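Residues per chain are reported as follows:
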Amino acid sequence: MKKMTITRLLPAFLLCITLISCKSGPVVIEDTSAGAGAAAEVVVPEDKTAPAETITSEDITTETASVREGEGAKAASPASASIMEGLKAVHFDFDKYTIRDEDKEVLRQNAEWLKSRPESKVLIEGHADERGETEYNLALGEKRAESVKSYLETLGVRAETLSTISYGEEKPADQGHDEAAWARNRRAEFKSAK
Amino acid sequence: MRMRKIIPLIPFALLMWLPAEVIPAEKVYIDLSAPSVRRLPVAIDDFRESGGGKDKAQTELSQTVKSELKDALSGDLAFSNLFTIVENPPYPERPAAFDKESGGAAGVEWPLWRSAGADVLIKGSYRIEGEKLTVEVRMFDVVREKEILGKRYVGGAASRRRLVHYFADEIYMELTGRKGIFTTKMLFVTDRTGNKEIYLSDYDGKNARAVTRNGSINLSPQWAPDGKRVLYTSYKKGTPALYMLDLETGKDETVSARKGINIGGRFSPDGGSVALTLSTNKSPELHLLDLGKRELKRLTDNYAIDVSPTFSPDGKRMAFVSDMNGNPHIFVLDFYANSLKRLTFDGRYNSSPAWSPDGKKIAFSRSGEDGRFDIWVMESNGANPARLTSEGNNRNPSWSPDGRHIAFSSSSRGSSSLYIMDTEGGVLRKLETGPGNSKTPSWSPFLD
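Remember, it's a predicted structure, so these values are computed and weren't measured experimentally.

**Some thoughts on the packing of helix α1 (residues 56-80) of chain B against helix α3 (residues 160-176) of chain B**
For any two helices packed against each other, one specifies the inter-axial angle together with the distance between the axes.
Residue and element names in this part refer to chain B.
Moving on, step 1. In the contact formed by α1 and α3, the axes pass within 9 Å of each other and the chain directions differ by 30°. When the interaxial angle is binned, α1 and α3 end up roughly parallel. Like other packed secondary-structure pairs, α1 and α3 cross with a definite hand, here right-handed. Residues L61, T64, V65, E68, L69, D71, A72, L73, D76, L77 and S80 of α1 lie in contact with α3, whose contacting residues are R160, R161, V164, H165, F167, A168, I171 and Y172.
Moving on, step 2. The residue makeup of the contact of α1 with α3, split by class, is eleven nonpolar, three polar and five charged.

**With respect to the environment of R372(B)**
All names here are of chain B.
Moving on, step 1. On the secondary structure map, R372 appears in the loop between β23 (361-367) and β24 (373-379).
Moving on, step 2. Residue R372 is classed as partly exposed on the basis of its relative accessible area of 24%.
Moving on, step 3. R372 sits 168 residues away from D204 along the chain, and the two C-alpha atoms are 26 Å apart.
Moving on, step 4. Ignoring any residue separated from it by four or fewer positions in sequence, one finds R372 in contact with R366, S367, R387, S390, E391, G392, N393 and N394.
Moving on, step 5. A polar contact of 2.8 Å, which involves the side chain of R372, links it to the side chain of D374.

**Points about the packing of aromatic side chains**
Moving on, step 1. The tally for this structure, following the rule as stated, stands at 15 aromatic pairs over all chains.
Moving on, step 2. Both rings, one in Y172(B) and one in F182(B), keep their centres 6.0 Å apart while their planes meet at 75°; by these two values the pair is edge-to-face. A residue pair is termed long-range when its members are at least 10 positions apart, and Y172(B) in helix α3 and F182(B) in the loop between α3 and β7 (185-190) qualify at ten residues. For the pair Y172(B) and F182(B), one class covers both residues: buried.
Moving on, step 3. Seen from their ring centres, Y349(B) and F373(B) are 5.1 Å apart, and the 75° between their planes marks the pair as edge-to-face. Here Y349(B) is found in strand β22 (residues 349-355), whereas its partner F373(B) is found in strand β24, with 24 residues between them in sequence. Considered together, Y349(B) and F373(B) belong to a single accessibility category, that of buried residues.
Moving on, step 4. Each member of the aromatic cluster is reached from another via a ring pair, and the members are F94(A), Y136(A), Y349(B) and F373(B).

**A closer look at the side chain of S273(B)**
Residue and element names in this part refer to chain B.
Moving on, step 1. Inspection of the secondary structure assignment puts S273 in strand β15 (residues 273-278).
Moving on, step 2. We classify S273 as buried; its relative accessible area is 14%.
Moving on, step 3. When near neighbours in sequence (up to four residues on either side) are disregarded, S273 contacts R266, F267, S268, L288, L289, D290 and L291.

**Re the pattern of salt bridges**
Moving on, step 1. On inspection of all chains with the given rule, the structure shows 41 salt bridges over all chains.
Moving on, step 2. A salt bridge links R266(B) to E135(A), with the shortest nitrogen-to-oxygen separation between them at 3.0 Å. Placement of R266(B) in strand β14 (residues 262-267) and of E135(A) in helix α4 (residues 134-154) is noted, with the two residues assigned to different chains.
Moving on, step 3. The partner of D45(B) in a salt bridge is R48(B), with the nearest N and O atoms 3.4 Å apart.
Moving on, step 4. Overall, D45(B) belongs to the buried group, its relative accessible area being 10%.

**Here we look at helix α3 (residues 101-115) of chain A**
Residue and element names in this part refer to chain A.
Moving on, step 1. Between its first and last C-alpha atoms α3 spans 22 Å; for 15 residues at 1.5 Å apiece the expected length is 21 Å, and the two agree.
Moving on, step 2. When we look at burial in α3, the residues that qualify are D103, V106, L107, N110, A111, W113 and L114. Projected down its long axis, α3 shows its buried positions confined to an angular sector of 160°, all on one face.
Moving on, step 3. In the core, the buried residues of α3 are packed alongside β3 (90-91), β4 (122-127), α4, β5 (162-168) and β6 (187-192).

**Regarding the sheet that holds β4(A)**
All names here are of chain A.
Moving on, step 1. Spatially, four strands are ordered β3-β6-β4-β5 in an open sheet, and the strand pairing comes out mixed. The open sheet has two edge strands, β3 and β5, and neither has a second partner.
Moving on, step 2. Bridge count for β3 against β6 is two bridges, and the pairing is antiparallel. For V90, the partnering residue across the bridge sits in β6 and is A188.

**Some details on unusual backbone geometry**
Residue and element names in this part refer to chain B.
Moving on, step 1. Of note in the backbone geometry, E145 takes a positive phi value of approximately 60° without being a glycine.
Moving on, step 2. For N396, which is not a glycine, the phi torsion comes out positive at approximately 55°.
Moving on, step 3. Its relative accessible area of 12% is what places N396 among the buried residues.

**Some thoughts on the environment of G347(B)**
All names here are of chain B.
Moving on, step 1. Position of G347 among the secondary structure elements: in the loop between β21 (339-342) and β22.
Moving on, step 2. What makes G347 partly exposed here is its relative accessible area of 32%.
Moving on, step 3. Not counting chain neighbours up to four residues away, the residues in contact with G347 comprise N327, H329, R366 and S367.

Cut-off values and rules
Residues numbered from 1 in each chain as written. Chains lettered and ligands numbered in written order. Predicted model: local features only at pLDDT ≥ 70, side-chain atom pairs only at ≥ 80, totals over all residues. Heavy atoms only, no water. Axes fitted to C-alpha atoms, helices over the stretch in contact; angles between N-to-C directions. Helix = DSSP H or I, 4+ residues; strand = E, 2+ residues; numbered from the N terminus. Parallel < 35°, antiparallel > 145°, perpendicular 65-115°, else oblique. Left-handed = near helix turned anticlockwise from the far one by under 90°. Contact = heavy atoms within 4.5 Å. Nonpolar A, V, L, I, M, F, W, Y, C, P; charged D, E, K, R; others polar. Buried < 20%, exposed > 50% of the residue type's maximum accessible area, 1.4 Å probe, protein only. Polar contact = N/O pair within 3.5 Å; in protein donor to acceptor, adjacent residues only side chain to side chain. Phe/Tyr/Trp six-rings, centres within 6.5 Å; stacked < 30°, edge-to-face > 60°. Salt bridge = Lys/Arg side-chain N within 4 Å of Asp/Glu carboxyl O. Expected span 1.5 Å × (residues − 1). Arc of directions from axis to C-beta. Pairing = 2+ DSSP bridges.

The structure is reproduced here in structure tokens:
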């Protein structure tokens, strides 16, 4: 490095604005450099993204926001969904959404159970393991749930009784971080849809 | 001559509106385009409190302010990679070094700082009056024995770190002629409350606060080009739908809540449209939603998964992830040529592409046979992919608005944190975002 690297005097030519005492609003900047001439203040914009009361207004917006497009699936909320006894979960290979041969028998039994209870409404939840990426895993969970739904339909379950939702990697059944946990988490589960 | 934009927030302020930043025509002291930049040795003196007596609570606040001002500035300067921070001399200089009348330089004991190995010295003082915090900071050229930059900031005591980030931006502009990123922000997902909520922090992860608080699952926050609105996916009404929150007004609206998934929304560079993945036709396909006309156009049509769009800065192309060839790879759609091109051919799993602000590169995440994910960067035509990380599982790269840094999530055995690094994988810095796991950072545009 040359001996002098930063020699430029700040060419400060400032514009005046009246300064008032500010509590938590705008940050006022004053140039105090030597050679700056008369002190003057520059106001920089208020940090509008900062106030917690502004950005955490979820409560207000939940009431005012309206779902403008479509209806959305009438899925049960995560808390209210309960596992349906008699319907067994199926599992998937990594990054796959095809039904495994060993799970075809499980789905056949599930289909029989459902057909004997035609009033049952079922939500098929698709899940992924924690590997991969959030958005891809959401799509993967959707594909898995749709695969199961289609398979059940081919076995004679009425499409109107089946709905799907994907949780991607966000709701693991097993909190572990090894192959066994991942294998348990790559799944489609059956919940009661009210 | 440099001018600053004046924002008339005060009723009786003069309404002088001048052109935004005029870049100084003088020489740039640190040429960032040079192959290697020699770092300037800088000393940061402890901030001194000016002003008098106070009670115990004020003393505690004062000590917090004192240490945080220096901490924030040290963090900024180290991260800028323009400086090496040298140790302060073992003996403090005499007080009274700060003399406003003479421009601040009169009392500096130059030999003391030179002996510490500093070419540059930064000294600051602060004063707390009720809620008001005044900070004065000056930068000195120790070799030439003169002041280079001096600023006084006035703000709330809670905005102490932000005051210093403004100064770091000034230093960066002064030395390089370019805008700094120290006043930019980061959006991310954290599970600190037990639910997955969107949080907003300073670029360095500090001052994190909740953007959503709905107790459900909130994912994939993305900035609008205006730096005021956020797109995110949420289960707050039961199904994964896409919402847009205005950070200034708190207004939240549903962008898309169609049957199936409504995920991965990204604003087009002009802010007028949103690309997103919908599964209304069973297979997750990319769509483009015109926010003004509310018109929806389908962009992909296959039986595969198509997710994670990223626009080129000119808006003419869009890269995304698809498993249309079996496993996830990155493709690019050219809106004008109406063509589709595959960009990645290696790796088992390629995901989360992010187009660089200058349009030349795409950062992405890739795993090989060992299943571990790394951040890679390639040219926007797919050429010359280079790996930037080597440990942990690294995903979801997001470029700083100046294109000189990349934020990403890094996880290991279920514990996930945010990091930032330069575009060659150096100057790695873990962000202290607070408790819990943090993932999927989205780096803001410049916030003016």
